[in-house]
Amino acid sequence: MAEILQILILGLALGGVIALMGSGLSLVFGVMRIVNLAHPALIIGGAYITYLAFKTFDIDPIAMLPVAAVAMAAVGVVLYRLLFQREAKSAKYSEMTVLLTFALAMMVEGLLGGLFTNTQRVTSPDYATAAFFIGDVFIPKGQLYAGLVSLAIIAALSLFLKYSRLGYAIRATTQNREAAELLGVNVQFISVLAFAIGIGLAGAAGSLVSFVFSFFPAKHWEWIAMLMSVVVLGGMGSILGTVVGALILSVVAAFVGTWIGATWSTLTFFLALFIILLVRPQGLFGEKPEMA
Amino acid sequence: MTKLLEVTNITAGYGDGPAIIDGAQLTIEPGKVHCIIGPNGAGKSTLLKAICGMLSIRKGDVVFKGERLNGLRPDQILRKGICFVPQERALFAKMTVRENLRMGGFILDDKRELERRIDGILERFPILRERADQHAGTMSGGQQQTLAMARTLIIKPDIVMLDEPSLGLAPKVVQEMFDIMKMMSAEGVTVLLVEQNALMGLKNADWGVVLDLGRTLFEGPAATVLADPRIQELYLGGKKAA
């Protein structure tokens, strides 16, 4: 029983971080239909910002989170203006963004590799290696903090989307871009804003990831498959779906990793992706393609 | 004649494609219901999309209250007082009726006033009040069209443009849509209607416009358009007005 509880706690804590990693990807797809394969590479960008601040000025990774988020959001604005805005009305926009963001991921990887080399990095605040103990169950402080901060950010994002004026505009643009425009929403501005928020979330996730996982520039290839599985399971464009998808898959992966073997743990995500696409391509909270 | 909106010889089309309307003109008088009729492909919907800024105008002018609208975005044109309800009704399927109405007043800055107007709309349309917390995508076609039309009233627009409001609706429901349209007109809202059911559209309108091959062929009082034997033959399937 204690073992099950232990695995469940570890899976949920990690799931929170993965949910934050995927939520930006989901938001950007929902509003702009951009399949951002470069999202995890930008998460790594946020992780390096945090790493630099930690190594140089001994700034706590969680304290650096707002800085990394804002810095990456600014990068998002530049990227959107440079790469995506011009083609936004193209009929093949989503397909084009797959290729475009693939190239972007390679460029970001190359840039980070040039700046930081391919050595594995990790930030190591005190809590990253400490744990709480409740009886026989231990809760790693690093994963717990990262998971809780992630869920708090997602909760704040959800409240913003649900109740604020800009949140209404983002949700409306996600559901029906043309209708939103006809009701007075400046969809170009909303697209830039949503992209900036999405990449800002990548930056925030990068700060947390920096002490949960070791990272290096090419690590993003491993993460994109995991994040796509999470987002597809939840339903592309659904933040709630991303959270539920991340928690489910992380817990399942934790059980698989413990009971079958760590090698098989990653396979959980790939297998889930295949099964979801075959059985329920719209995911848990997504719309059926024909209803769109 | 007082002009609220004047469209002068405009040319417009989709992207870099050929012009769908070329030489269309229109004069809209305040408070009246104007109905544009014409065969499929005449450019009726394209004309409305050009007026509301969804398509760029290549030639000609759209002037509203003396101000040129060419080159403005749809959200900027809405703020001038022109609302457009496209054929697909432009609802947010996963938002509730109340949230859809809230989006209808997106350009209003005063939140309290917005909520007051939403309550007013729900009071006037009992079917929407009953379903205020229901997702729009789960309602019937008639209820969705009612919501789409009622939503335009939130910002108290000068002109509401309706593209085929009767499309896909049962005959009984169609009459309800025309009743809502007349109610709008009675409240001083100018209506510009595109209607495939030309006979019904003209019967409910004050002014008729015949569009064919992207240009305006004829415009005049709806009763005159209805009574014209050539128009009856060409555009009303030979049906005479009752």
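Small disclaimer: the values here were computed from a predicted structure and weren't measured.

Digging into the overall build of chain B
Right, on to step 1. Secondary structure summary: chain B contains 10 helices and 10 strands in total.
Right, on to step 2. The globule rule puts the C-alpha radius of gyration for 242 residues at 18 Å, and the 18 Å found for chain B is close to it.
Right, on to step 3. Here the C-alpha coordinates of chain B stretch approximately 50 × 40 × 35 Å along the principal axes.
Right, on to step 4. In chain B, which comprises 242 residues, the proportion classed as buried is 56%.
Right, on to step 5. Restricting the contact set of chain B to residue pairs at least 6 apart, pairs at least 24 apart contribute 67%.
Right, on to step 6. Just so you have it, chain B exposes about 10,400 Å², and 50% of that area is on carbon and sulfur atoms.
Right, on to step 7. Separation of charge centres in chain B, based on 31 positive and 29 negative side chains, amounts to 1 Å.

Some details on the overall build of chain A
Right, on to step 1. Helix and strand counts for chain A stand at 11 helices and two strands.
Right, on to step 2. Each helix and strand of chain A, ordered N terminal to C terminal, gives the series α-α-α-α-β-β-α-α-α-α-α-α-α.
Right, on to step 3. Taking 19 Å as the expected radius of gyration for a compact globule of 292 residues, we find that chain A reaches 19 Å, a close match to that expectation.
Right, on to step 4. Expressed as lengths along the three principal axes of its C-alpha atoms, the size of chain A is roughly 60 × 45 × 35 Å.
Right, on to step 5. Each of the 292 residues in chain A was classed as buried or not, and the buried ones make up 53%.

Re the UniProt feature "transmembrane region" (unreviewed entry) in chain A
Right, on to step 1. In the numbering adopted here, UniProt assigns the feature "transmembrane region" (unreviewed entry) to residues 6-30, 37-57, 63-84, 96-116, 142-161, 182-211, 223-249 and 256-279 of chain A.
Right, on to step 2. Each end of residues 182-211 of chain A is marked by a C-alpha atom, and these two atoms are 45 Å apart; helix forms 87% of the span and strand 0%.

Things to note about the pattern of salt bridges
Side-chain pairs of opposite charge can arise where the charged atoms are in close proximity.
All names here are of chain B.
Right, on to step 1. Tallied over the entire structure, the rule returns 17 salt bridges over all chains.
Right, on to step 2. In this structure, R73 and D75 form a salt bridge, with 2.9 Å as the shortest nitrogen-oxygen distance.
Right, on to step 3. Ionic pairing is found between D119 and R98, a salt bridge with its closest N-O pair at 3.5 Å. A residue pair is termed long-range when its members are at least 10 positions apart, and D119 in helix α4 (residues 111-124) and R98 in helix α3 (residues 97-104) qualify at 21 residues.
Right, on to step 4. By relative accessible area, D119 is classed as partly exposed at 40%.
Right, on to step 5. Connected through shared salt-bridge partners, R98, R102, E115 and D119 make up one network.

Description of a nonpolar patch on the surface
All names here are of chain A.
Right, on to step 1. Side chains of I4, W259, I260, W264, L267, F270, L271, F274, I275, L278 and V279 sit close together on the surface and give an oily, nonpolar patch of about 1,200 Å² of accessible area.
Right, on to step 2. If one sorts the elements of the nonpolar patch by residue count, helix α11 (residues 262-279) sits on top with eight residues.
Right, on to step 3. Here L271 shows up in helix α11.

Some points on unusual backbone geometry
Right, on to step 1. Positive phi is not limited to glycine here, since D58 of chain A has a value of about 60 degrees.
Right, on to step 2. Position of D58 of chain A relative to the elements: it lies in the loop between α2 (39-57) and α3 (61-84).
Right, on to step 3. Despite not being glycine, R89 of chain B shows a phi value in the positive range, around 75 degrees.
Right, on to step 4. Position of R89 of chain B relative to the elements: it lies in the loop between β6 (82-85) and α3.

Here we look at the pairing of strand β2 (residues 19-28) of chain B
Residue and element names in this part refer to chain B.
Right, on to step 1. Both strand β1 (residues 5-13) and β2 contribute to a ladder of seven bridges, which runs antiparallel. Its bridge partner lying in β2, T11 is registered against D22.
Right, on to step 2. Here β1 hands over to β2 after five residues, with G15 in that stretch at a positive phi of 55 degrees.

Overview of the packing of helix α1 (residues 2-32) of chain A against helix α8 (residues 187-212) of chain A
All names here are of chain A.
Right, on to step 1. It is the contact of α1 with α8, at a shortest axis distance of 9 Å, that shows an interaxial angle of 165 degrees. With respect to their mutual orientation, α1 and α8 come out roughly antiparallel. Crossing of α1 against α8: the hand is left-handed. Contact residues: L14, V17, L20, M21, S23, G24, L27, V28, V31 and M32 in α1; I190, S191, A194, F195, I197, G198, L201, A204, A205, L208, V209 and V212 in α8.
Right, on to step 2. Of the residues contributing to the contact of α1 with α8, the split by class is 18 nonpolar, four polar and no charged.

Some thoughts on the environment of G60 of chain B
Residue and element names in this part refer to chain B.
Right, on to step 1. Along the chain, the position of G60 falls in strand β4 (residues 57-64).
Right, on to step 2. Residue classification places G60 among the partly exposed positions, given a relative accessible area of 28%.
Right, on to step 3. With 50 residues separating them along the chain, G60 and I10 place their C-alpha atoms 4.0 Å apart.
Right, on to step 4. Leaving out residues up to four positions away in the same chain, G60 has contacts with T8, N9, I10, R68 and N70.

As for the confidence of the model for chain A
Right, on to step 1. Chain-level statistics for chain A give a pLDDT mean of 91 and a share of 98% at 70 or above.
Right, on to step 2. Of all helices and strands in chain A, the one with the weakest mean pLDDT is α11 of chain A (86), whereas α2 of chain A scores best (97).

Comments concerning α3 of chain A
Residues and elements named next belong to chain A.
Right, on to step 1. At V67, α3 shows its maximal bend, which comes to roughly 30 degrees.
Right, on to step 2. Of all the positions in α3, only P61, M64, L65, A68, A69, M72, A73, G76, L79, Y80 and F84 are classed as buried.
Right, on to step 3. The backbone nitrogen of I62 has a side-chain oxygen 2.8 Å away, supplied by the residue at the start of α3, namely D60.

Concerning the interface of chain B and chain A
Right, on to step 1. Each partner contributes to the interface: chain B provides 26 residues, whereas chain A provides 21 residues.
Right, on to step 2. When chain B packs against chain A, the two sides together hide about 2,100 Å² of surface, and 58% of this comes from carbon and sulfur.
Right, on to step 3. When the buried area of chain B at its contact with chain A is split by residue, F92, K94 and F106 of chain B rank highest and sum to 30% of it.
Right, on to step 4. Where chain B meets chain A, there are two salt bridges.
Right, on to step 5. For E99 of chain B, the salt bridge goes to R171 of chain A, with nearest N and O atoms at 3.3 Å.

A word on the side chain of E164 of chain B
All names here are of chain B.
Right, on to step 1. Within the secondary structure layout, E164 lies in the loop between β7 (159-163) and α7 (171-186).
Right, on to step 2. Despite being buried, E164 has no salt bridge partner; K44 is the closest side chain of opposite charge, sitting 4.9 Å away.
Right, on to step 3. Within the local environment of E164, its side chain forms a polar contact with the backbone nitrogen of Q196, the two atoms lying 3.0 Å apart.

Focus on the sheet that holds β2 of chain B
Right, on to step 1. If you trace the four strands from one edge of the open sheet to the other, you get β2-β1-β4-β5 (chain B), paired in antiparallel fashion. With partners counted over all chains shown, the strands left at the sheet margins are β2 and β5 (67-68) of chain B, one partner each.

So, how was this worked out
Residues numbered from 1 in each chain as written. Chains lettered and ligands numbered in written order. Predicted model: local features only at pLDDT ≥ 70, side-chain atom pairs only at ≥ 80, totals over all residues. Heavy atoms only, no water. Helix = DSSP H or I, 4+ residues; strand = E, 2+ residues; numbered from the N terminus. Rg over C-alpha atoms; globule rule 2.2 N^0.38 Å. Buried < 20%, exposed > 50% of the residue type's maximum accessible area, 1.4 Å probe, protein only. Contact = heavy atoms within 4.5 Å. Areas by Shrake-Rupley, 256 points an atom, 1.4 Å probe, with all protein chains shown as cover. Lys, Arg positive; Asp, Glu negative; His and termini not counted. Charge placed at Lys NZ, Arg CZ, Asp CG, Glu CD. UniProt positions renumbered as here; feature names shortened; annotations may be inferred. Salt bridge = Lys/Arg side-chain N within 4 Å of Asp/Glu carboxyl O. Patch = residues over 30% accessible without salt bridge, like charges linked within 9 Å, V, L, I, M, F, W, Y side chains within 5 Å. Pairing = 2+ DSSP bridges. Axes fitted to C-alpha atoms, helices over the stretch in contact; angles between N-to-C directions. Parallel < 35°, antiparallel > 145°, perpendicular 65-115°, else oblique. Left-handed = near helix turned anticlockwise from the far one by under 90°. Nonpolar A, V, L, I, M, F, W, Y, C, P; charged D, E, K, R; others polar. pLDDT = per-residue confidence, 0-100. Bend = angle between axes of the 7 residues up to and from the residue. Polar contact = N/O pair within 3.5 Å; in protein donor to acceptor, adjacent residues only side chain to side chain. Buried area = accessible area lost by both parts, 1.4 Å probe.

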